[in-house]
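# An overview of the molecular structure
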Amino acid sequence: DQFSAFWKFEQIVKRRILKNHTFSYSEIRHYILSKSSDASLIYAKVLDAKLPSFNENVALVLHYNQALLDIQDDWEDIEDDVREDMPNIFFMAAVDNIPYNTIKKSRCDMIRKLVLSEANASVPQITRLVNEIHASAKNISIPENFAFLKSLSDRYTDTLRRKIF
């Protein structure tokens with residue numbers, strides 16, 4: 001049921017993108033955290049059954065790690081997502097300054113440059129989002145045997161910073 005709710009939400013976001021809706025930081029954050037919410041549902045059930053020290057905080061770190069991976073996935077899929085009119089946080093952030101139809105009409109090799117150009121606010125918004133998600137994951141208290149999840153948070157964040165910023 002949560003999956004169908006997200007798919008419906010994603011269709012709403014898609015319609016808003018096609019109408020050149022300007023997305024707030026909160027809307028972009030809500031979208032990526034909703035997109036990644038399946039991680040804690042899927043993995044938490046398995047881990048909770050197998051590991052006695054698993055708890056809700058661990059599930060939350062899993063959720064944040066998945067959000068970081070989803071941001072990376074959006075980065076890697078910018079051109080494909082534009083071609084297929086699929087929601088992507090990078091052009092959700094960019095449409096504040098560049099109409100989506102301008103992005104859509106761009107040559108494939110120019111889409112990423114346009115979305116990440118100095119002229120728009122997508123990079124600062126995404127940087128803020130990555131930093132916020134990373135800090136949230138780092139500030140959650142989890143059992144020592146799950147500390148590796150915080151190392152993964154660091155690794156995912158470092159990868160994003162190297163690739164994007």
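These lines cover the structure that appears in this document, whether it is placed above or below. (Residues numbered from 1 in each chain as written. Predicted model: local features only at pLDDT ≥ 70, side-chain atom pairs only at ≥ 80, totals over all residues. Heavy atoms only, no water.)

### Focus: helix H9 (residues 122-138)
- Between its first and last C-alpha, H9 extends 24 Å over 17 residues, near the 24 Å set by a 1.5 Å rise per residue.
- Along H9, the residues classified as buried are Ser122, Gln125, Ile126, Leu129, Val130, Ile133, His134 and Ala137. End-on, the buried residues of H9 take up no more than an arc of 160°, which puts them together on one face. (Helix = DSSP H or I, 4+ residues; strand = E, 2+ residues; numbered from the N terminus. Expected span 1.5 Å × (residues − 1). Buried < 20%, exposed > 50% of the residue type's maximum accessible area, 1.4 Å probe, protein only. Arc of directions from axis to C-beta.)

### Observations concerning the nonpolar core
- Counting residues in hydrophobic clusters, the biggest one holds 46 residues, and the most contacted among them are Ile71, Ile89, Phe90, Ile103, Val115 and Ile133.
- Examining the composition of this core, we find that nine residues originate from one element, helix H4 (residues 56-76), more than from any other.
- Those residues in contact with Ile71, other than ones at most four positions away along the chain, are Ile32, Ile89, Phe90, Ile126, Leu129, Val130, Ile133 and Leu160. (Core = buried A, V, L, I, M, F, W, Y, C linked by side-chain atoms within 4.5 Å. Contact = heavy atoms within 4.5 Å.)

### What to know about a nonpolar patch on the surface
- Residues Leu41, Ile42 and Tyr43 make up a contiguous nonpolar surface patch of about 260 Å² in total accessible area.
- Of note, Ile42 is situated in helix H3 (residues 37-50).
- For Ile42, a relative accessible area of 43% puts it in the partly exposed group. (Patch = residues over 30% accessible without salt bridge, like charges linked within 9 Å, V, L, I, M, F, W, Y side chains within 5 Å. Areas by Shrake-Rupley, 256 points an atom, 1.4 Å probe, with all protein chains shown as cover. Salt bridge = Lys/Arg side-chain N within 4 Å of Asp/Glu carboxyl O.)

### Here we look at the side chain of Asn65
- Considering the arrangement of structural elements, one finds Asn65 in helix H4.
- For Asn65, a relative accessible area of 4% puts it in the buried group.
- In this view, Asn65 contacts Leu149, Leu152, Ser153 and Tyr156; residues no more than four positions away in its chain are not counted.

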